Structures are given as structure tokens and as C-alpha cells.
Amino acid sequence: PDRIREMPSDLNRVVPDIIDRILHLDNRFNLPDFREKKQKILVAVIVSAPQAGLQTIYSQFYERQTMIGTRLEILAAICDAGAELSSLNPSAATQGMLQHDIQSVGTVLR
């Protein structure tokens, strides 16, 4: 996240690629705090390039093939970015969303 915040002004050009890759990144190696790190990267992109970041993340949210777990990650990223942009701390509710087991959401929807 720190490297994204330090990126030059041409960040807007690469925002769609960064968001797309981060949203579709899987934790193949069972890294600890993987979801939280993904979340921090998404928030850093949105805060550093709000217009391009939100435009890209909104389009990802509304794609038909976007899974519910990814949509929850997107909503949490938007909430955290909004809190950061307004100089507030991310809410406890948003932190809880990150820790929620996405698989349990899938079973409820079936």
C-alpha cells in the first residue's frame, strides 16, 4: 500500500489493472492476513486515485460474474477509503466484514 501511495501522477493509467488483479488474486499459499493486505491495497488505490479507483471498482462490482465475496471486499474497500478520505478511522463494522467467512455467506444464499 505504501508504494501505491508514493506512485507518480500516472497512477490513474494503471489503476484498472491494479484493481482487477488484486480483486481476482487468490491466496494459493495460505498467507496470513491475506484478505487484510488485499483490502489495504484496494483502499490505497482508491485514496490515491479516487476518480479512477472508484470508477473501476464500481464497474467490477456490477459485473454479472462478480462473486458475492468479491462484492463484499469491494464494499469494505469503499467504506475504508471513504473513512480515510474524510480523516476518520475505518469502522469496526468494516473490519468485521473482512474477517467474515465468505464461504458462510455462500451457504446462506443457497
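Residues numbered from 1 in each chain as written. Predicted model: local features only at pLDDT ≥ 70, side-chain atom pairs only at ≥ 80, totals over all residues. Heavy atoms only, no water.

Enquirer: Account for the overall build of the chain, with residues named and values stated.
Expert: Summing up its helical and strand segments, the chain has seven helices and zero strands in all. Listed by position from the N terminus, the elements making up the chain come as α-α-α-α-α-α-α. Residues counted as buried form 33% of the 110 residues belonging to the chain. Across the chain, contacts joining residues at least 24 apart in sequence account for 63% of those joining residues at least 6 apart. For the chain, the accessible surface area stands at approximately 7,500 Å², while carbon and sulfur atoms represent 54% of it. (Helix = DSSP H or I, 4+ residues; strand = E, 2+ residues; numbered from the N terminus. Buried < 20%, exposed > 50% of the residue type's maximum accessible area, 1.4 Å probe, protein only. Contact = heavy atoms within 4.5 Å. Areas by Shrake-Rupley, 256 points an atom, 1.4 Å probe, with all protein chains shown as cover.)

Enquirer: Account for the packing of helix α4 (residues 50-61) against helix α5 (residues 68-85), with residues named and values stated.
Expert: Between α4 and α5, whose axes approach to 10 Å, the crossing angle comes to 155°. As summarised for this structure, α4 and α5 are arranged roughly antiparallel, according to the angle between their axes. Considering the relative orientation of α4 and α5, their crossing is left-handed. Listed contacts from α5 to Leu54, Ile57, Tyr58, Gln60 and Phe61 of α4 are Arg71, Ile74, Leu75, Ala77 and Ile78. Of the residues that constitute the contact of α4 with α5, the class distribution is eight nonpolar, one polar and one charged. (Axes fitted to C-alpha atoms, helices over the stretch in contact; angles between N-to-C directions. Parallel < 35°, antiparallel > 145°, perpendicular 65-115°, else oblique. Left-handed = near helix turned anticlockwise from the far one by under 90°. Nonpolar A, V, L, I, M, F, W, Y, C, P; charged D, E, K, R; others polar.)

Enquirer: Run through the environment of Ala76, naming residues and quoting values.
Expert: Among the secondary structure elements, Ala76 is positioned in helix α5. Overall, the relative accessible area of 1% leaves Ala76 in the buried class.

Enquirer: Tell me what's going on with the nonpolar core, and back it up with residues and numbers.
Expert: Judged by nonpolar contacts, the single largest core of 20 residues is most densely connected at Val15, Ile19, Leu42 and Ile57. Breaking this core down by element, the ones donating at least two residues are α2 (11-23), α3 (34-48), α4 and α5. Residues in contact with Ile57, not counting those within four places in the same chain, are Ile19, Leu23, Leu42, Ile46, Ile74, Ala77 and Ile78. (Core = buried A, V, L, I, M, F, W, Y, C linked by side-chain atoms within 4.5 Å.)

Enquirer: Describe the pattern of salt bridges, and please don't skip the residues or the numbers.
Expert: For the coordinates displayed, the defined rule picks out one salt bridge. Put simply, Glu73 and Lys38 hold a salt bridge, and the shortest N to O gap is 3.3 Å. Remark: Lys38 occurs in helix α3 and Glu73 occurs in helix α5; sequence separation between them is 35 residues. (Salt bridge = Lys/Arg side-chain N within 4 Å of Asp/Glu carboxyl O.)

Enquirer: Which residues make up α4, and what values do they have?
Expert: Taking 1.5 Å as the rise per residue, α4 with 12 residues should run 16 Å; its terminal C-alpha atoms sit 16 Å apart, in good agreement. The inward-facing, buried residues of α4 contact α2, α3 and α5. (Expected span 1.5 Å × (residues − 1).)

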